Amino acid sequence: RRVHGEFREEPANMHVAFVFDVDGVLLREKHEIPGAKDTLHMLQSLSVPFMLLTNGTGQTEEQKAKEIGHALGLTIRTEQTITAQTPFFEVAKEMKDHRVLIVARNAESGTKLAAWYGFQNFTTVQEYARRHPVLNPFKRYEDASCQVSFEDEGSIAAILLLEQPEDWGESIQVCIDLLKTDGVPIADRITSEQVVKVISGNPDFDYASKHCLPRLTLGAFRSCLEHIYKQYSNQDLVISLNGKPFETVYRQSEVALTKSSNLQGGSEPLIIYAVGDNPKSDICGANAAGNHWKSVLVRTGLFKGENDPIHPADLVFDDVKQAVESILQSHGIGL
């Protein structure tokens, strides 16, 4: 049982809360990591508040809560779950008067996600490519009757990266064509500056899986898009990023935890332990979130060493059960 970090007994009047990453901490490809169920059940029985904060995309918060709850045999509420997509509720309000392109796994997934977050004027990248087959000459689209002109399609104001698509080539080609223009990919609409916004969820490049090597995810797709855009334009692609390690999701977690801790008018401080397996997202984000956040790194996912040299955690444990039990003990909370 390896523990790394300075561990001290915390004041008894501190309200304790936890924020857990999911993949590599609680689950590995939808299967429980040993000790995860017992850990969350223990927190529920002790009335210690916790949130799930995941960069995993492709599901609504409601779906994610049900999936995690089913895998662990516990009840997880939707309001306990924040994803890298949660900020898109606000994006939908900001873009209500504009047409947007949704990049997701497939058209069905993209449509469901767009509707959940409140987008009304949107098209998925798959539908866009099907209506304009000239954009992707290497793919045969069976329904030719749905073709429309680019002018009739209307201008795309923003590209929203919600999930890595099944067909990277198709999606990158459509996105590049839009980014090289003002949102209508025809010759007289080509621009020298980026006009179309790009807003992305999950910034993670890869994640731990059953395979011995990490799997690529949305951050890797975004990196390909950035590289190809720069090859064409000699400019960096401007992208608004959401999820860990960026601030928005940490502030959203604080609001939810404060409500569940009944601290709205209280004077006792709240200390939040963020438990993750990815130093670049989980630990980097928690370290920057404020002094009331403590970063906790576990070795059941991407990370395997003593501590990360670039984004060192406050505490490092072998697994989530060891981490939570040790932290509760330091606060004098009975197990």
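Residues numbered from 1 in each chain as written. Predicted model: local features only at pLDDT ≥ 70, side-chain atom pairs only at ≥ 80, totals over all residues. Heavy atoms only, no water.

**Student:** Looking at this model, I keep getting lost on the side chain of Glu 61. Mind explaining?
**Tutor:** Relative to the helices and strands, Glu 61 resides in helix α2 (residues 61–72). Of the side chains with opposite charge, Lys 64 comes closest to the buried, unpaired Glu 61, at an N-O distance of 10 Å. Of note is the side chain of Glu 61, whose polar atom sits 2.6 Å from the side chain of Thr 86. (Helix = DSSP H or I, 4+ residues; strand = E, 2+ residues; numbered from the N terminus. Buried < 20%, exposed > 50% of the residue type's maximum accessible area, 1.4 Å probe, protein only. Lys, Arg positive; Asp, Glu negative; His and termini not counted. Salt bridge = Lys/Arg side-chain N within 4 Å of Asp/Glu carboxyl O. Polar contact = N/O pair within 3.5 Å; in protein donor to acceptor, adjacent residues only side chain to side chain.)

**Student:** For this particular structure, what's the right way to read helix α4 (residues 107–117)?
**Tutor:** Note that an α-helix has 3.6 residues per turn; residues three or four places apart therefore point the same way. Looking at α4, one finds that the buried residues are Ser 109, Gly 110, Leu 113, Ala 114 and Tyr 117. Seen end-on, α4 carries its buried residues on one side only, within an arc spanning 125°. Facing away from the buried side of α4 by over 90 degrees, the exposed positions are Glu 108, Lys 112 and Ala 115. If you follow the buried residues of α4, they end up packed against α2, β5 (81–83), α3 (88–94), β6 (100–103) and β7 (122–124). In this structure Asn 106 caps α4, since a side-chain oxygen of it lies 3.3 Å from the backbone nitrogen of Glu 108. Taken from the residues just after α4, Gly 118 is the one with a positive phi, measuring 100°. (Arc of directions from axis to C-beta. Contact = heavy atoms within 4.5 Å.)

**Student:** Explain the pairing of strand β14 (residues 293–298) to me, please; I cannot follow it from the model alone.
**Tutor:** Look at any regular strand and the pattern is simple: side chains alternate between the two faces of the sheet. Of all six residues that make up β14, five are buried, and the element is covered over most of its length. Examined bridge by bridge, strand β13 (residues 270–276) and β14 share five bridges and lie parallel to one another. Bridged to Val 275 within β14 is Val 296. For the crossover from β13 across helix α10 (residues 279–288) to β14, the handedness is right-handed. Examined bridge by bridge, β14 and strand β15 (residues 315–317) share three bridges and lie parallel to one another. Its bridge partner lying in β15, Val 298 is registered against Phe 317. (Pairing = 2+ DSSP bridges. Right-handed = clockwise from strand over helix to strand, strands pointing away.)

**Student:** It is not clear to me how the sheet that holds β6 should be interpreted in this structure. Could you clarify?
**Tutor:** Across a sheet, paired strands are connected by hydrogen bonds in the backbone, their directions being either parallel or antiparallel. Within the open sheet, the five strands sit side by side as β7-β6-β8-β9-β12. Their pairing is parallel. The open sheet has two edge strands with one neighbour each: β7 and β12 (240–241). Where β6 meets β7, three bridges bridge the pair, whose relative direction is parallel. Considered in β7, the bridge of Leu 101 is made with Thr 123. Taken strand by strand, α4 contacts β6 and β7, and its axis lies near 155° from that of β7. The strands touched by helix α7 (residues 168–179) within the sheet are β6, β8 (158–161) and β9 (197–200), with β6 carrying the most contacts at an inclination of about 155°. (Axes fitted to C-alpha atoms, helices over the stretch in contact; angles between N-to-C directions.)

**Student:** Is there a simple way to think about the pattern of salt bridges in this case?
**Tutor:** Any two side chains of opposite charge can pair if their charged atoms end up close together. This structure, assessed with the given rule, holds 22 salt bridges. In this structure, Asp 167 and Lys 139 form a salt bridge, with 3.6 Å as the shortest nitrogen-oxygen distance. Taken together, the residues Asp 167 in the loop between β8 and α7 and Lys 139 in the loop between α5 (125–131) and α6 (150–153) connect sequence positions 28 residues apart. By relative accessible area, Lys 139 is classed as partly exposed at 34%. Because the salt bridges share partners, they merge into one network encompassing Asp 21, Lys 244 and Asp 282.

**Student:** Which parts of the structure should I look at to understand unusual backbone geometry?
**Tutor:** Apart from glycine, the bulk of residues carry a negative phi angle, and the bulk of peptide bonds sit in the trans form. In the segment running from Lys 244 into Pro 245, the intervening peptide bond is cis, with an omega of 15°. Take Pro 245: it is sitting in the loop between β12 and α9 (247–260). We note that Glu 29 has phi near 50°; this positive angle belongs to a residue other than glycine. Here Glu 29 is to be found in the loop between β2 (27–28) and β3 (31–32). One non-glycine residue, Ser 47, lies in positive phi territory at about 60°.

Shape is all these values report; function is a separate question.
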